[in-house]
Structure formats: structure tokens, C-alpha cells
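Structure at a glance
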Amino acid sequence: MPDDHPLTDVRFLTVAEVASMMRVSKMTVYRLVHNGDLPAVRVGRSFRVPEGAVNDYLRQSFIDTA
């Protein structure tokens, strides 16, 4: 995340919201976070994922098909 982007402008999503957005299970999101593929912030015992990070991950995950 760029340093010039104020945190007040960042929208944080719960793991459940990310899972719904990506149409995967919450466990898949937890794996992505723990593997470092998806950046997240730990708040207490929960994780919050910046919405921009989810969009970036999905953009980078597109593959070209024949």
C-alpha cells in the first residue's frame, strides 16, 4: 500500500466480506492472508483486508485462455 495514501481513505473488509466478494470460502481467504498473498491487518483476533488489496490480487490473478 502506498505511503502517500491516507489510512482514513482505505476501506477495510472482513474475511467474510472478502470471501463473499471472491466467491470462495473463508478458509481460502485465511490461507491467502497467512501465506502472504493477501495483505491484512490484525485487529484483536480478527483480520481486516484493504479493499484495494483484494482488487489488486484479483487483477493479478487473471489468466489468458486460448
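What you see is a predicted model; the values in this text were computed from it and never measured. (Residues numbered from 1 in each chain as written. Predicted model: local features only at pLDDT ≥ 70, side-chain atom pairs only at ≥ 80, totals over all residues. Heavy atoms only, no water.)

**Describing the nonpolar core**
- With 13 residues, the main nonpolar core has Val18, Met22, Val29, Val33, Leu38, Val49 and Val54 as its most contacted residues.
- Those elements that provide at least two residues to this core are helix H1 (15-22), helix H2 (26-34), strand S3 (46-50) and helix H3 (51-61).
- Examining the composition of this core, we find that four residues originate from one element, H1, more than from any other.
- Excluding its chain neighbours within four sequence positions, the residues that come into contact with Val33 are Leu38, Ala40, Phe47 and Val49. (Core = buried A, V, L, I, M, F, W, Y, C linked by side-chain atoms within 4.5 Å. Buried < 20%, exposed > 50% of the residue type's maximum accessible area, 1.4 Å probe, protein only. Helix = DSSP H or I, 4+ residues; strand = E, 2+ residues; numbered from the N terminus. Contact = heavy atoms within 4.5 Å.)

**A few points about H1**
- Three or more residues of H1 are buried, namely Val15, Val18, Ala19 and Met22. Along the long axis of H1, the arc covered by the buried residues comes to 100°, so they all point the same way.
- Its buried side turned inward, H1 meets strand S1 (12-14), H2, S3 and H3.
- Backbone geometry just downstream of H1 places Arg23 in the positive-phi region, at approximately 60°. (Arc of directions from axis to C-beta.)

**What about the sheet that holds S1?**
- In spatial order, the strands read S1-S3-S2; together these three strands make up an open sheet with antiparallel pairing. Here the strands that pair on one side only, and so sit at the sheet edges, are S1 and strand S2 (41-43). Sheet twist, expressed as the mean angle between neighbouring strand axes with direction ignored, is 40°.
- Here S2 runs beside S3; their pairing, made up of three bridges, is antiparallel. In the strand pairing of S3, Arg42 is matched with Phe47. (Pairing = 2+ DSSP bridges. Axes fitted to C-alpha atoms, helices over the stretch in contact; angles between N-to-C directions.)

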